Amino acid sequence: AQSVAQPEDQVNVAEGNPLTVKCTYSVSGNPYLFWYVQYPNRGLQFLLKYITGDNLVKGSYGFEAEFNKSQTSFHLKKPSALVSDSALYFCAVRDITNAGKSTFGDGTTLTVKP
Amino acid sequence: SAVISQKPSRDICQRGTSLTIQCQVDSQVTMMFWYRQQPGQSLTLIATANQGSEATYESGFVIDKFPISRPNLTFSTLTVSNMSPEDSSIYLCSVEVVAGANEQFFGPGTRLTVL
């Protein structure tokens, strides 16, 4: 079985400050890990993914995430938050043996205040 | 990448009726999925739409309630049958262009309200 946890329902940061949105996962084999973002009244968009290789992956809009196998985490980060980053963020995990089905976290609402 | 359109974008339906949601992709894709999402909440996978065969349903979802068609590699439909207010939700079509370690693309969603 595979699962993913986003321990924070809400994250609030000031514009210009660094942001972190947390994600931990559980899979029986090697994971594929993804971050998606959902802006208000819009569909989900892909941000970045970890498949293999470098533990630090870079994605759209200046976001990056670090894969930590020992801590089974894949936290999303950005050095300097923008008000326009305010959105709902989903972490997703897929076991490489699980026929293409991803499990999504409950989501974290990021609010960046000016 | 893939661009996905869904019809209708929203609808208000009466209890006991059925609604069919269409999902059209601008390119051939391997995997197509249907999700349900309450506004601001997580996604729940309903089923995987298989081209040329019956859809694969997740626990808690059955074909009689959510019949799915996928006649080709660019199109799928989801029907919500005999609707009740509990079916009010956002229904999302999603695709994976090539099965494997690939990200999913999502349609804009269909917002369904059942009275």
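Please read all numbers here as calculations on a predicted model, not as lab measurements. (Residues numbered from 1 in each chain as written. Chains lettered and ligands numbered in written order. Predicted model: local features only at pLDDT ≥ 70, side-chain atom pairs only at ≥ 80, totals over all residues. Heavy atoms only, no water.)

### Observations concerning the pattern of salt bridges
The full count for this structure, using the stated rule, is six salt bridges over all chains. One salt bridge connects K101 of chain A with E58 of chain B, and the closest N-O pair in it is separated by 2.9 Å. In this pair, K101 of chain A sits in the loop between β10 (87–95) and β11 (103–104) while E58 of chain B sits in the loop between β6 (56–57) and β7 (68–72), so the two residues belong to two different chains. Judged by its relative accessible area of 21%, E58 of chain B falls in the partly exposed class. (Salt bridge = Lys/Arg side-chain N within 4 Å of Asp/Glu carboxyl O. Helix = DSSP H or I, 4+ residues; strand = E, 2+ residues; numbered from the N terminus. Buried < 20%, exposed > 50% of the residue type's maximum accessible area, 1.4 Å probe, protein only.)

### A closer look at the interface of chain A and chain B
Counting residues at the interface gives 20 residues for chain A and 21 residues for chain B. Roughly 1,500 Å² is buried in total at the junction of chain A and chain B, and carbon and sulfur atoms are behind 53% of that figure. When the buried area of chain A at its contact with chain B is split by residue, L44, K101 and F104 of chain A rank highest and sum to 31% of it. On inspection of chain A and its partner chain B, the count reaches three salt bridges. (Contact = heavy atoms within 4.5 Å. Buried area = accessible area lost by both parts, 1.4 Å probe.)

### Concerning the side chain of S81 of chain B
Residue and element names in this part refer to chain B. With respect to the helices and strands, S81 occurs in the loop between β8 (75–80) and β9 (89–96). Residue S81 is classed as buried on the basis of its relative accessible area, which comes to 14%. Among all residues touching S81, those that are not within four sequence positions of it are T17, S18, D64, K65 and P67.

### Considering the side chain of Q6 of chain B
All names here are of chain B. Relative to the helices and strands, Q6 resides in strand β1 (residues 4–7). Reaching out from Q6, the side chain makes a polar contact with the backbone nitrogen of G109 at a distance of 3.1 Å. Among the polar contacts made by the side chain of Q6, one reaches the side chain of T110 at a distance of 3.2 Å. When residues no more than four places from it in sequence are discounted, the contact partners of Q6 are I21, Q22, W34, Y91, L92, C93, G107, P108, G109 and T110. (Polar contact = N/O pair within 3.5 Å; in protein donor to acceptor, adjacent residues only side chain to side chain.)

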